[in-house]
Amino acid sequence: MTAELDLADWRRTVASMYAELRDDPAPGAERLTGFRATKDRLFATHPQSPIPAADRPAFRGLAYWPHDPGWRLTAPLEADPEPVADLPVSTGDAYAFRRIGWVSAVSPAGPIRLPVFWLTGYGGGIFLPFRDATSGAATYGGGRYLWDSVKGADLGSRGDELILDFNYAYHPSCVYDPAWSCPLAPRDSWLAVAVEAGERLAAA
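For clarity, every value in this text was computed on a predicted model and none was experimentally measured.

(A) Layout of the overall build of the chain. Helix and strand content of the chain: two helices and 10 strands. Put simply, the chain runs from its N terminus to its C terminus through helices and strands in the order α-α-β-β-β-β-β-β-β-β-β-β. Taken against the 2.2 N^0.38 rule, which gives 17 Å for 204 residues, the C-alpha radius of gyration of the chain at 16 Å falls within 12% of a compact globule. For the chain, the spread of C-alpha atoms along the principal axes amounts to about 45 × 40 × 35 Å. With 204 residues in all, the chain has 45% of them scored as buried. Long-range pairs, those at least 24 residues apart, make up 63% of the contacts in the chain between residues at least 6 apart in sequence. Carbon together with sulfur atoms contributes 55% to the accessible area of the chain, which is approximately 10000 Å² in total. Computed over 19 positive and 25 negative side-chain charges, the separation of the two mean positions in the chain equals 2 Å.

This is the structure:
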């Protein structure tokens, strides 16, 4: 296939993974284990994997924290629109998003509050990046993502409440290959608490 068809297949596969996740009735830890196994296989084998092709034969899976049910939160979207918010990007150029509001919840590490963005480009999509006290040590310094629905990463909602399950927090693709261009968590998305859930960097 061409690179464009490969990329379309990657996005379709990721969207399918999240759709199955939203419908999965299994207990939280079991559901997470299955999702991670599927994601690791995708990273190991797909032509559009962010793992460089030369590194895939030795790839044995991403590094994660164990499942923590306390980090599955829900929060209503507090509408507070901002017309345009330019988010910093790993390659230097800013991406245009608009803030659509905020989510607030009480986590195992304390209260959290994060802005929620909408991609202003064609089709749009919810985007929720964050940086926390693990960033730059156990996780990437530029932050992780919780939602990126334009790429299929959609944890679901109930009415006006977003599901914020940090067990599914993940690194942007530029962590694995700097050729990728990734929006970074802006200053308002920095949390003072340590989110020891989801994807982490491999131990040295």
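(B) Spatial organisation of the packing of aromatic side chains. What the rule picks out here adds up to 11 aromatic pairs. Geometrically, the ring pair formed by F127 and Y145 is edge-to-face, given 4.8 Å between the ring centres and 80 degrees between the ring planes. With F127 in strand β6 (residues 126-130) and Y145 in strand β7 (residues 144-148), the pair connects residues that are 18 residues apart, well separated along the chain. Across this residue pair, the class does not change: F127 and Y145 are buried. Ring geometry for F130 and F166: centres 5.2 Å apart, planes at 80 degrees, overall edge-to-face. One end of the pair, F130, is in strand β6; the other, F166, is in the loop between β9 (161-165) and β10 (199-200), with 36 residues separating them in the sequence.

(C) Representation of the nonpolar core in the model. One finds L146, L164 and F166 to be the most contacted residues of the largest nonpolar core, which totals 48 residues. Ranked by residue count, the leading element in this core is helix α1 (residues 3-23), at five residues.

How each quantity is defined
- Residues numbered from 1 in each chain as written.
- Predicted model: local features only at pLDDT ≥ 70, side-chain atom pairs only at ≥ 80, totals over all residues.
- Heavy atoms only, no water.
- Helix = DSSP H or I, 4+ residues; strand = E, 2+ residues; numbered from the N terminus.
- Rg over C-alpha atoms; globule rule 2.2 N^0.38 Å.
- Buried < 20%, exposed > 50% of the residue type's maximum accessible area, 1.4 Å probe, protein only.
- Contact = heavy atoms within 4.5 Å.
- Areas by Shrake-Rupley, 256 points an atom, 1.4 Å probe, with all protein chains shown as cover.
- Lys, Arg positive; Asp, Glu negative; His and termini not counted.
- Charge placed at Lys NZ, Arg CZ, Asp CG, Glu CD.
- Phe/Tyr/Trp six-rings, centres within 6.5 Å; stacked < 30°, edge-to-face > 60°.
- Core = buried A, V, L, I, M, F, W, Y, C linked by side-chain atoms within 4.5 Å.

In short, the description is geometric, and any link to function would need to be established separately.
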